[in-house]
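# Analysis of the macromolecular model
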Amino acid sequence: MPPDRDLDRELRDLGVEYPPTPDLAASVRGRLEAEAGGSGSPVRSRPQLWWIAAAALALLVAVPVFSLAMREMGGGAFSAGGGAAVESGGSGGREAGGAAGPTRLVEEEEPMPAVEEKARQDGTQETRPSMSDESGASSASDGSAQAACASMEPVLEAHPSRGAPGDEFEIRGTHFIAGSGACDDTPSGMPSRKVPNSDVSVEFRQDGRTWELGSVKADGEARIFATLKVPSGVRPGRAVLHASYEQKSNAPSYPYSAETWFLVLDQ
Amino acid sequence: MRGHQAVAFRTAFTITGDASEAEDASQEAFVKVYRTLDRFRSGAPFRPWLLTVVANEARNRRRAAGRRVGLTLRAAEYGAQTTPPSPETTVLAEERRAELLGAVEGLREEDREVISLRYFLELSEAEAASVMGCARGTVKSRLSRAVGRLREKMMEAQDATG
């Protein structure tokens, strides 16, 4: 039996034959392209996610705080003892006379008229929002405006999302709005006023290097579309397409941006 | 990607022992790697990371299949050699190689895996450690024990044949 050193050499020289390697590059590319065509999930830039999170947090805090404040105002009216007390939190919103002893418990123990009782059971009773309800609705309305504002974020996609230097690809973007009424001066409830035609600067970024691909104007629907080329000098691997512009109608102006991945292939 | 697909596929094959499973596993691994490229630390070597994902994917498939891997290896033919050996030498060498391969195939899964990774795929210790999910030192000790057991198997085979 040869010593271990010979066995080591023999194993190295054995030259094992493996099954032929399938064309994984092609199958992976096909699969990714099929997925991109189906869902087209662009990568949102982090500031956009922060805006959404901030809007949601503001809404969560605003509703109970405002509701509590309005409840306390209602309590003040009770303690004054004279005027009409409004039931807070309930959907009935029945008024109680000042002399009746203005506690909610007593009011609820009072017999309810039959028609009102039935309507309440059927759920057909016309409800008049209480002060706290109104405040809640108001907050919700403000919140949805904020959310609408936050959702008006630019979204960028590249088709195809991979290519070698010199290859052409298309970029498509939506919500490239220079000024949105929902976020600035449009009255509440009105559709947002889009101010498109802003100059959108498109860049190719990889490993800390940036290639400026040019400037694109958004159309009347605040969309951008352009055919661009993968710059020469980029290396195979992951890169980022970055589109940015400033929302000039607001003061101060805010930089907005959208990003999407791009896979640079070998030439 | 094309530069890494052979080693990825062979690593998966070493673990699953089945070409079709290996293809699926390595394809899935490439897709996962592509999707998580943003988590990849810039400047870190790419191949060990890729092979780790491939190995995990291949192990999951092997586990799901619930079968023991019976790896069937085949030695490459002598065609690549520059000087053609004599017929006797060729026969002896072929016998010896077949014997060695048979002994490797008869080893435990862990032993066969470490031998395949280091000798047949020629992975570095660090890469083999990534694939096996252990420290580099562990690769060394496992390899040494595996070669020891291979040697014993070869001796047993020789004794049996007289």
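Predicted, not measured: the structure shown is a model, and the values here were computed from it.

Right, let's get into the overall build of chain A. A tally of regular secondary structure across chain A gives six helices and 11 strands. Sorting the 267 residues of chain A into buried and exposed places 33% on the buried side. By sequence separation, contacts in chain A at least 24 residues apart represent 60% of the contacts at least 6 residues apart. Accessible surface, chain A as shown: approximately 15,200 Å² in total, 56% of it carbon and sulfur.

So, about the sheet that holds strand β6 (residues 168-174) of chain A. All names here are of chain A. The three strands lie next to each other as β4-β6-β9, forming an open sheet whose pairing is antiparallel. Edge strands, defined here as strands with exactly one partner in the open sheet, are β4 (155-159) and β9 (224-229). The sheet shows a mean angle of 20° between the axes of neighbouring strands, taken without regard to direction. Judged from the six bridges that link them, β6 and β9 form a sheet pairing that is antiparallel. Note on β9: the bridge partner recorded for Glu168 is Lys229.

Residue and element names in this part refer to chain A. Nonpolar side chains collect at one region of the surface, where Leu57, Leu60, Val61 and Val65 lie side by side and expose about 410 Å² of accessible area between them. Assignment of secondary structure puts Leu60 in helix α3 (residues 46-80). Under the relative-accessibility criterion, Leu60 is labelled exposed at 63%.

Attention now moves to the interface of chain A and chain B. Across the contact, 32 residues belong to chain A and 42 residues belong to chain B. Interface area for chain A against chain B, summed over the two sides, is near 3,600 Å², with a carbon-plus-sulfur share of 61%. The closest approach of N and O atoms between Glu28 of chain B and Arg31 of chain A, which form a salt bridge, is 3.0 Å. On inspection of chain A and its partner chain B, the count reaches seven residue pairs in polar contact (both at pLDDT 80 or more). Looking at the side of chain A that touches chain B, the elements that each hand over two or more residues are α1 (4-13), β1 (16-17), α2 (24-38) and β11 (254-264) of chain A. Top element by residues in the side of chain A that touches chain B is α2 of chain A. It accounts for seven residues.

As a further point, take the side chain of Arg162 of chain A. By the secondary structure assignment, Arg162 of chain A is in strand β5 (residues 162-163). Here Arg162 of chain A falls in the buried class, since its relative accessible area comes to 7%. Among the polar contacts listed, one links the side chain of Arg162 of chain A to the side chain of Ser161 of chain A, at a separation of 3.4 Å. Contact partners of Arg162 of chain A, with chain neighbours within four places excluded, come to Arg29, Leu32, Glu33, Phe262, Leu263 and Leu265 of chain A together with Tyr34 of chain B.

Looking now at the pairing of strand β7 (residues 199-206) of chain A. Sheet faces and side chains relate simply in a regular strand, where the side chains alternate between the two faces. Residue and element names in this part refer to chain A. Across eight bridges, β7 lies against strand β8 (residues 209-217) in antiparallel orientation. Counterpart to Glu203 in the pairing with β8 is Glu212. Turn length for the β7-β8 hairpin, with the two strands adjacent in sequence and antiparallel, is two residues, and the turn residue Asp207 shows positive phi of about 50°.

All right, on to the packing of aromatic side chains then. Given two aromatic rings, one states the distance between the centres and the angle between the planes to describe the pair. Under the definition given, this model contains five aromatic pairs over all chains. A ring pair is formed by Phe204 of chain A and Phe262 of chain A, whose centres lie 5.4 Å apart and whose planes are at 65°; its orientation type is edge-to-face. You can see Phe204 of chain A sitting in strand β7 and its partner Phe262 of chain A sitting in strand β11, a full 58 residues away along the chain. Take Phe204 of chain A and Phe262 of chain A: they sit in the same class, and that class is buried. Between Phe46 of chain B and Trp49 of chain B, the aromatic rings sit 5.9 Å apart at their centres with planes inclined by 75°, giving edge-to-face as the arrangement. Of this pair, Phe46 of chain B and Trp49 of chain B both sit in helix α3 (residues 46-65), three residues apart, which is roughly one turn of the helix. Overall, Phe46 of chain B belongs to the partly exposed group, its relative accessible area being 26%. Ring-pair connections join several aromatic residues into one group, and the members of that group are Phe169, Phe204 and Phe262 of chain A.

We now examine unusual backbone geometry. Where the residue is not glycine, phi is negative for most of them; where a peptide bond is considered, it is trans in most cases. Geometrically, the link from His159 of chain A to Pro160 of chain A is a cis peptide bond, its omega value of -10° lying close to zero. Assignment of secondary structure puts Pro160 of chain A in the loop between β4 and β5. Despite not being glycine, Asp207 of chain A shows a phi value in the positive range, around 50°. Assignment of secondary structure puts Asp207 of chain A in the loop between β7 and β8. Positioned with a positive phi, Glu122 of chain B is a non-glycine residue whose angle comes to about 55°. In this fold, Glu122 of chain B is placed in the loop between α5 (109-120) and α6 (125-132).

Among the nonpolar cores identified, the biggest contains 53 residues, and Leu11 of chain A together with Ile115, Phe120 and Leu150 of chain B are the most heavily contacted of them. Among the elements that make up this core, the one with the highest residue count is helix α2 (residues 19-35) of chain B (seven residues). The next biggest cluster of nonpolar side chains, apart from the first, holds 24 residues, and it includes Ala158, Trp211, Ile224 and Leu228 of chain A.

Chain-level statistics for chain B give a pLDDT mean of 81 and a share of 78% at 70 or above. Low pLDDT (under 50) marks residues 78-82 of chain B, which in the prediction has four contacts with non-local residues, meaning those over four places away or in another chain.

Take α5 of chain B next. The buried fraction of α5 of chain B amounts to 11 of the 12 residues, a majority that puts the element mostly inside the structure. Downstream of α5 of chain B by one or two residues, Glu122 of chain B has phi in the positive range, about 55°.

Rules behind the numbers
- Residues numbered from 1 in each chain as written.
- Chains lettered and ligands numbered in written order.
- Predicted model: local features only at pLDDT ≥ 70, side-chain atom pairs only at ≥ 80, totals over all residues.
- Heavy atoms only, no water.
- Helix = DSSP H or I, 4+ residues; strand = E, 2+ residues; numbered from the N terminus.
- Buried < 20%, exposed > 50% of the residue type's maximum accessible area, 1.4 Å probe, protein only.
- Contact = heavy atoms within 4.5 Å.
- Areas by Shrake-Rupley, 256 points an atom, 1.4 Å probe, with all protein chains shown as cover.
- Pairing = 2+ DSSP bridges.
- Axes fitted to C-alpha atoms, helices over the stretch in contact; angles between N-to-C directions.
- Patch = residues over 30% accessible without salt bridge, like charges linked within 9 Å, V, L, I, M, F, W, Y side chains within 5 Å.
- Salt bridge = Lys/Arg side-chain N within 4 Å of Asp/Glu carboxyl O.
- Buried area = accessible area lost by both parts, 1.4 Å probe.
- Polar contact = N/O pair within 3.5 Å; in protein donor to acceptor, adjacent residues only side chain to side chain.
- Phe/Tyr/Trp six-rings, centres within 6.5 Å; stacked < 30°, edge-to-face > 60°.
- Core = buried A, V, L, I, M, F, W, Y, C linked by side-chain atoms within 4.5 Å.
- pLDDT = per-residue confidence, 0-100.

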